[in-house]
Amino acid sequence: MADPNGSLLELRHINQIYGGGEHTFTAIQDVTLSLNEGEFATLMGPTGCGKSTLLRIITGLQAPTAGEVLYRGQPLHGVNPHATIVFQTFALFPWLTVQENVEVALKARGVPPKLRTTRALDLLDRVGLDGFENAYPRELSGGMLQKVGFARAMAVEPELLCLDEPFSALDVLSAESLRGELMELWTGGVIPTRAILLATHNIEEAVFLADRILVMDKDPGRLIMNLKVDLPHPRQRKDPKFLNLVDRVYMVLAGHTQPEHVEMGTAPGEPGRTRALPHINIDDLTGLLEHLDGMPNNRADIYALARELQVNSDDLLRLIEAAELLGFANIAYGDITLNPLGETFAEASIRARKEIFATRIRRLPLFKWLLGLLRASDKQQMEWDVVQKALELEFHEEEAERQLDTAIDWGRYAELLAYDDSSQVLFLEPGGATGFARENFNFPGPA
Ligand code: ADP
Ligand code: MG
């Protein structure tokens, strides 16, 4: 029975309070939203803002403290049989083969044995696991395990598919291929799924995939933005409208008032000033962000920080500048405050940190320029000297050297660049720079 206005799911004034007595804690505060048939929405926000809690409430794994969940216009009681969640790490039965793991899900749905095998094999084939039917989970890589997780979720043929940061634990290439497969299944209409809700920390991924972007903030967990993405598929990452939307989500997540392109300056050779990359060590930056994450209100007095972290003030100022340039922290009145994006970074896994870092530095004009140079050059590689000379358009000789060293250091961490010290050649990381970041990376359009 379809709802007249096409809404599949509706949340009305959802509140979730954890704990009891004096230690109550509001994890979700007054969340109201609806998800329509045919919609792909993403849920963003810092760790702890309640994304997982909300997904559990939506699928009925957990009843909210207050508020109503409506599914196809009817109040939801107990687990929603039409919805499934794929978690970041999918729990498979280690003693069952890949195929058996999928068949178990079909069995639970009452599919007769003969059909189970055919369906399981078909699903495994669709997620690209053909040939691994008889493998055991321990034999599979993280990406493959997650594919089994997807196959199992698809086996249930959910109308509403909830994905809780399903790509965060994966390497860049596996994440890219799974995203592609998900989009193919979704847009190809081969699964009966009517709506997808994906929790993610990746702004560009969200703008690339979603019809709607929901942004939450924490303390208390609440909805702070509900943005419709009105761009046709396949979306072009260089399209000014695309960039504008990335900017808008970024501004909300980073709590900025200026679009980021205004803050970041111009590329070398372009009119205007190129913002230099602060020379910092990434471990030190990570340390600073983690420290702020542990402070009350994620805030610290800059003057006091030098003492607390035992770094000299020049080094500290460079770290602070980097944190701000990358969009992880805001500075005002002598204080530095970690913003939701910085918080997400500070609390993310190593893989997820690299990915967030990569999306941040790809937006720095100097870095964009460097990637552009490499992409345009023969074999996508260039000699250190040549790039350094080009940077002298903007910086004096020594500074140009330092800029390039810093760019290489950051690019390596983000797995966008590689550098061979013996030949002094710089090149694009085959996986990284062509991963989700690839300019022409297009998903098929919606069905
Ligand atoms: P996210 O997925 O956005 O990181 P979560 O939904 O996991 O956020 O958590 C939201 C907040 O609720 C966090 O502060 C978390 O510690 C808290 N929380 C989550 N589940 C429970 C629980 N079962 N009991 C108490 N607190 C919880
Ligand atoms: Mg979560």
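Residues numbered from 1 in each chain as written. Chains lettered and ligands numbered in written order. Predicted model: local features only at pLDDT ≥ 70, side-chain atom pairs only at ≥ 80, totals over all residues. Heavy atoms only, no water.

With respect to the confidence of the model for the protein
In low-pLDDT regions, the fine details of the predicted coordinates are not to be read closely. Stated precisely, the cut-off is as follows: Here pLDDT means the predictor's own confidence in every residue, given as a number from 0 to 100. Helix and strand assignments come from DSSP, with helices taken as H or I runs of at least 4 residues and strands as E runs of at least 2, each series counted from the N terminus. The contact criterion used throughout is that any non-hydrogen atoms of two residues lie within 4.5 Å.
Confidence along the protein averages 86 in pLDDT terms, with 93% of residues attaining 70 or more. Highest mean pLDDT in the protein belongs to strand β4 (residues 66–71) (97); lowest belongs to helix α8 (residues 260–264) (66). Contacts for the low-pLDDT stretch residues 433–447, under 50 throughout, to residues beyond four places or in other chains number 45 contacts.

Notes on a negative patch on the surface
Keep this limit in mind: For patch building, the residue pool is restricted to those with more than 30% relative accessible area and no salt bridge; the joining distance is 9 Å between like charges and 5 Å between nonpolar side chains (Val, Leu, Ile, Met, Phe, Trp, Tyr). The Shrake-Rupley method, run with a 1.4 Å probe, gives the accessible areas here. Residue values count only the displayed protein chains as cover. Salt bridge criterion: a side-chain nitrogen from Lys or Arg within 4 Å of a carboxyl oxygen from Asp or Glu. When charges are counted, neither His nor the chain ends are considered; positive counts come from Lys and Arg and negative counts from Asp and Glu. Think of each charge as sitting on NZ of Lys, CZ of Arg, CG of Asp or CD of Glu. Relative accessible area decides the class of each residue, using a 1.4 Å probe on protein chains only: under 20% of the type maximum gives buried, over 50% gives exposed, and in between gives partly exposed.
Taken together, the side chains of Glu383, Asp385, Glu397, Glu398, Glu401, Asp405 and Asp409 define an acidic patch exposed on the protein surface. Here the negative patch takes five residues from helix α16 (residues 397–413), the largest share from any one element. Structurally, Glu398 is set in helix α16. Judged by its relative accessible area of 52%, Glu398 falls in the exposed class.

Observations regarding the site of ligand 1
Here is the rule we go by: Distances are taken per atom, and a residue is near a molecule or strand as soon as one of its heavy atoms is within 4 Å of it. Any N or O atom pair separated by 3.5 Å or less is treated as a polar contact, with the protein-specific requirement of one donor-capable and one acceptor-capable atom, and with residues adjacent in sequence counted only for side-chain atom pairs.
If you check the shell around ligand 1, you find Tyr18, Phe25, Ala27, Pro46, Thr47, Gly48, Cys49, Gly50, Lys51, Ser52, Thr53 and Arg56 and nothing else. A distance of 3.4 Å is found between a nitrogen atom of ligand 1 and a side-chain nitrogen or oxygen belonging to Tyr18. One nitrogen or oxygen atom from the side chain of Ser52 is found 2.8 Å from an oxygen atom belonging to ligand 1. Contact with the protein chains hides 60% of the accessible area of ligand 1, taken as 560 Å² for the molecule alone. Breaking the shell around ligand 1 down by element, the ones donating at least two residues are β2 (25–36) and α1 (51–58). Residue contributions to the shell around ligand 1 peak at four residues, all from α1.

Let's talk about the environment of Arg412
As for its placement among the helices and strands, Arg412 is situated in helix α16. For Arg412, a relative accessible area of 40% translates into the label partly exposed. When near neighbours in sequence (up to four residues on either side) are disregarded, Arg412 contacts Leu417 and Tyr419.

Let's talk about unusual backbone geometry
Glycine aside, residues mostly have negative phi, and peptide bonds are mostly found in the trans state. Note that the residue after Asp219, namely Pro220, is joined by a cis bond; omega there is -5°. In this structure, Pro220 sits in the loop between β9 (212–217) and β10 (222–228). Geometrically, the link from His233 to Pro234 is a cis peptide bond, its omega value of -5° lying close to zero. Residues other than glycine seldom take positive phi values, yet Glu415 does so here, at roughly 60°. Tracing the backbone through its elements, the reader meets Glu415 in the loop between α16 and β15 (417–420). A residue is classified by how much of its surface remains accessible, and Glu415, at 23% relative accessible area, is partly exposed.

Considerations on the packing of helix α10 (residues 302–309) against helix α11 (residues 313–325)
To keep it simple, the criterion reads: Structural elements are reduced to axes, namely lines fitted to C-alpha atoms, with helices fitted over the stretch in contact, and the angle between N-to-C directions of any two is expressed from 0 to 180 degrees. Should the near helix be turned anticlockwise from the far one by less than a right angle, the crossing is left-handed, and should it be turned clockwise, the crossing is right-handed. Put simply, Ala, Val, Leu, Ile, Met, Phe, Trp, Tyr, Cys and Pro go in the nonpolar bin, Asp, Glu, Lys and Arg in the charged bin, and everything else, Gly too, in the polar bin.
Between α10 and α11, the least distance of the axes is 10 Å, while the angle of their chain directions is 115°. Viewed along their axes, α10 and α11 form a crossing whose handedness is right-handed. From α10, Ile302, Leu305, Ala306 and Leu309 reach across to α11, where they touch Leu316, Leu317 and Ile320. Residue composition of the contact of α10 with α11, grouped by class: seven nonpolar, no polar and no charged.

Brief notes about helix α2 (residues 98–108)
Think of an α-helix as turning once every 3.6 residues; residues three or four places apart then point the same way. Within the sequence span of α2, burial applies to Val98, Gln99, Asn101, Val102, Glu103, Ala105 and Leu106. Where α2 is buried, its residues touch α3 (113–126) and α4 (142–155).

A short note on the sheet that holds β15
Rules: Strand pairing is defined by DSSP finding a minimum of two bridges between the two strands.
Spatially, the three strands line up as an open sheet ordered β14-β16-β15, and their pairing is antiparallel. Only two strands of the sheet have a single partner each, and these edge strands are β14 (381–383) and β15. Here the average twist between neighbouring strands, direction ignored, is 20°. Direction of pairing for β15 relative to strand β16 (residues 425–428): antiparallel, over a ladder of four bridges.

Examining the sheet that holds β4
With antiparallel pairing, four strands are arranged side by side in an open sheet as β2-β1-β4-β5. At either end of the open sheet lies a strand with only one pairing partner, and these are β2 and β5 (74–75). Of the strand pairs in this sheet, β4 and β5 are connected by two bridges, and their pairing is antiparallel. Note on β5: the bridge partner recorded for Tyr71 is Gln74.

Focus: the packing of aromatic side chains
Quick reminder of the rule: Between the rings of Phe, Tyr and Trp (Trp by its six-membered ring), a pair exists once the centres lie within 6.5 Å; its type follows the angle of the planes, with under 30 degrees stacked, over 60 edge-to-face, and the other angles tilted. Distance and angle both matter: a charge sits over a ring if NZ of Lys or CZ of Arg is within 6 Å of the ring centre and within 35 degrees of the ring normal.
Applying the stated criterion to the full structure yields seven aromatic pairs. Ring geometry for Phe357 versus Trp410: centroids 5.9 Å apart, planes at 70°, classification edge-to-face. Taken together, the residues Phe357 in helix α13 (residues 350–361) and Trp410 in helix α16 connect sequence positions 53 residues apart. The pair Phe357 / Trp410 is uniform in exposure class, with both members buried. Chaining the aromatic ring pairs together yields one cluster made of Phe357, Trp410 and Tyr413. In this structure, Arg179 packs its charged tip against the face of Phe167, placed 5.0 Å from the ring centre. One residue, Arg353, lies across the ring of Phe345, its end atom 5.4 Å from the ring centre.

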